[in-house]
Amino acid sequence: MTQSFPFSKVYGVAAVLACITICGLLSALLGDGLWDAFSWCALAIPLVVIVMYLIKSYRR
Amino acid sequence: MMSARRVRTWYRLHKWTSLLCTLFLLISCLTGLPLIFHDEIDHLVSPVHFAGPPVDIPPVSFNAVVLAAKRQNPKLRTLFVSMEDDEPQLNVGMANGLTVQSKGRKLLTYDAYTGAPVQSHQPGTTLMDKLLLLHRGLFAGVAGELFMGLMALLFVIALITGVLVYGPFMRRLDFGTVRRSRSRRLHWFDLHNLLGIVTLSWALVVGATGIMNALSTPLFAMWRASAVPQLLASYANRPPAQTIITPDQAADAARHALPQMKVTGIIFPNPVMSTTHHFLVYTKGRTPVTARLFTPVLVDAETGTVALAKPFPWYIRTLEVSRPLHFGDYGGLPLKVIWAAFDVTTVLVLLSGVYLWLSKKRTPVEEELDRFVHLEDLNSSISPELGAHA
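Rules and cut-offs
Residues numbered from 1 in each chain as written. Chains lettered and ligands numbered in written order. Predicted model: local features only at pLDDT ≥ 70, side-chain atom pairs only at ≥ 80, totals over all residues. Heavy atoms only, no water. Helix = DSSP H or I, 4+ residues; strand = E, 2+ residues; numbered from the N terminus. Rg over C-alpha atoms; globule rule 2.2 N^0.38 Å. Buried < 20%, exposed > 50% of the residue type's maximum accessible area, 1.4 Å probe, protein only. Areas by Shrake-Rupley, 256 points an atom, 1.4 Å probe, with all protein chains shown as cover. Contact = heavy atoms within 4.5 Å. Buried area = accessible area lost by both parts, 1.4 Å probe. Salt bridge = Lys/Arg side-chain N within 4 Å of Asp/Glu carboxyl O. Polar contact = N/O pair within 3.5 Å; in protein donor to acceptor, adjacent residues only side chain to side chain. Nonpolar A, V, L, I, M, F, W, Y, C, P; charged D, E, K, R; others polar. Pairing = 2+ DSSP bridges. Expected span 1.5 Å × (residues − 1). Core = buried A, V, L, I, M, F, W, Y, C linked by side-chain atoms within 4.5 Å. Axes fitted to C-alpha atoms, helices over the stretch in contact; angles between N-to-C directions.

### So, the overall build of chain A
For chain A, the count of helices and strands is two helices and zero strands. Computed over its C-alpha atoms, the radius of gyration of chain A comes to 15 Å, more than 25% above the 10 Å expected for a compact globule of 60 residues. Along the longest, intermediate and shortest principal axes, the C-alpha atoms of chain A span 45 × 35 × 10 Å. Residue burial in chain A is summarised as follows: out of 60 residues, 38% are buried. Total accessible area on chain A is roughly 3500 Å²; 76% of this is exposed by carbon and sulfur atoms.

Shown next, in the form of structure tokens:
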């Protein structure tokens, strides 16, 4: 199972979500006001992604 | 790079580290959920009205409330006086012994404008306090805290090995595949993968900061052991401070030494919490980041001179930054709601993991892994298609 592991296909979305989450976690720590608002939006994205895929699976 | 044997090792590590910590993690998640809203619940249960807005320097002197507390409890020892951050409330901590864990501990609270006692409960008596003690260390003190720290470490290992096996299992599937029509087990398997991978970073951060928080007692002991002996060398053979300055004088000395900092608490001379010859004044910065970072100031209890005003070493700083990242209390109510949603999702990942373990003694996945390891041993180049067999 070595030669052609599709790394970006398997881990791509996860890596993007991880970056978004980390930015969201840090931004509220670094400032108030807009920084907090950015944090809420960024951290809401992974939660929205979960809901999206769950809805998709129930529509099938 | 990814032999079947290695994947099987990761898989086993993931399975066993998860199973060992799952029960304690469930306790953490379930007690943590209401604790996210600790402040809101406290305000709702016992609303307190103060004579003014939060202040930097309390209009009432620290000494006035310390004396009032002492009049009320002449037999108890005064441990500290502190001021709340978001409310003009002064706290006086007292106990029979030398630490806040001692018997007969009492927290007396006062309005920083009027010095009037504020109606409040004793620490450790409310439901929220009990949940916190359970969450932190299963009611078992420092030993319990260290145990929960170990469970958090297992959790972090389970997360990392979980990511490592996620790849091989998902190589034939699209991201977010949730198959509902085939079997209940497959459905839960897909949910476990989806919820787990999406909340991974949050869980890693909360798990790692949980380890840090569990180590707070030994870390502070470490700092004291490194800072105090050389400080006390010049006091050798002298009796503990007799006539001591007021806490307000100690606070002023600290403010003078660090004018940009805000005084948040003053620990009285005490061989365990400060030293027998010094007030330990806690100060912190005023920006969102520096407000998390405390600088201790040791003030000679007889002369009022500043003996030490140096930021904490890196390990205490790491601990200080770990706190908000664990509690989620640093970005207003919306962040707390998000924290709660991640917490609930983590519970679902844990429960689905337990279900996957219980649903079959020996799962097809494990048999497949064994088969592929065997094939590999025979120098076969066949690739396991784990996703299809899960």
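### Some points on the interface of chain A and chain B
Listed as interface residues are 34 residues of chain A and, on the opposing side, 47 residues of chain B. In total, about 3500 Å² of surface goes out of reach between chain A and chain B, with carbon and sulfur atoms giving 73% of it. Counting across the chain A and chain B interface gives zero salt bridges. On inspection of chain A and its partner chain B, the count reaches six residue pairs in polar contact (both at pLDDT 80 or more). Contributing elements (two or more residues each) for the side of chain A that touches chain B: α1 (7-30) and α2 (34-59) of chain A. Its residues assigned to classes, the side of chain A that touches chain B shows 24 nonpolar, six polar and four charged.

### Regarding the pairing of strand β4 (residues 262-267) of chain B
Residue and element names in this part refer to chain B. With respect to burial, β4 is a largely interior element, six of its six residues being buried. As paired strands, strand β1 (residues 77-83) and β4 are joined by three bridges and run antiparallel to one another. When the bridges of β4 are listed, Phe80 appears paired with Ile267.

### Describing helix α6 (residues 184-198) of chain B
Between its first and last C-alpha atoms α6 of chain B spans 21 Å; for 15 residues at 1.5 Å apiece the expected length is 21 Å, and the two agree. Of all the 15 residues making up α6 of chain B, 13 are buried; the element is thus mostly covered by neighbouring parts of the structure.

### Quick notes on the nonpolar core
Among the nonpolar cores identified, the biggest contains 32 residues, and Val81, Val92, Tyr110, Ile266, Phe279, Val281 and Val299 of chain B are the most heavily contacted of them. Looking at this core, the elements that each hand over two or more residues are α3 (62-72), β1, β2 (89-95), β3 (106-111), α9 (247-257), β4, β5 (278-284) and β6 (294-300) of chain B. At five residues, α3 of chain B tops the list of elements feeding residues into this core. Membership of the second largest hydrophobic core comes to 30 residues, among which are Ala28 of chain A together with Leu26, Ile36 and Leu350 of chain B.

### A short note on the sheet that holds strand β7 (residues 306-309) of chain B
Residues and elements named next belong to chain B. Judged by pairing direction, the sheet is antiparallel, and its seven strands sit side by side in the order β3-β2-β1-β4-β5-β6-β7 without closing on themselves. Each edge of the open sheet is held by one strand with a lone partner, namely β3 and β7. On average, each strand axis in the sheet is tilted by 20 degrees relative to the strand beside it, whichever way the strands run. Where β5 meets β6, seven bridges bridge the pair, whose relative direction is antiparallel. Looking across to β6, one finds that His278 is bridged to Asp300.

### Thoughts on helix α7 (residues 200-214) of chain B
When the terminal C-alpha atoms of α7 of chain B are compared, their 21 Å separation across 15 residues agrees well with the 21 Å that a helix rising 1.5 Å per residue should span. Among the 15 residues in α7 of chain B, 13 count as buried, and that is most of the element.

### A word on unusual backbone geometry
Leaving glycine out, the prevailing phi sign among residues is negative, and the prevailing peptide bond configuration is trans. All names here are of chain B. The backbone phi angle of Leu138 is positive, close to 50 degrees, even though this residue is not glycine. Following the sequence through the fold, Leu138 ends up in the loop between α4 (127-137) and α5 (141-170). Residue classification places Leu138 among the partly exposed residues on the basis of a relative accessible area of 25%. Phi at Phe139 is positive, roughly 60 degrees, even though this residue is not glycine. Take Phe139: it is sitting in the loop between α4 and α5. By relative accessible area, which is 52% here, Phe139 ends up exposed.

### Side note on the pairing of β5 of chain B
All names here are of chain B. For β5, the buried fraction is high: seven of the seven residues fall into the buried class. Burial along β5 is two-sided: the face carrying His278, Leu280, Tyr282 and Lys284 and the face carrying Phe279, Val281 and Thr283 are both buried. Relative to β5, β4 runs antiparallel, the two being bridged by five bridges. For Val263, the partnering residue across the bridge sits in β5 and is Thr283.

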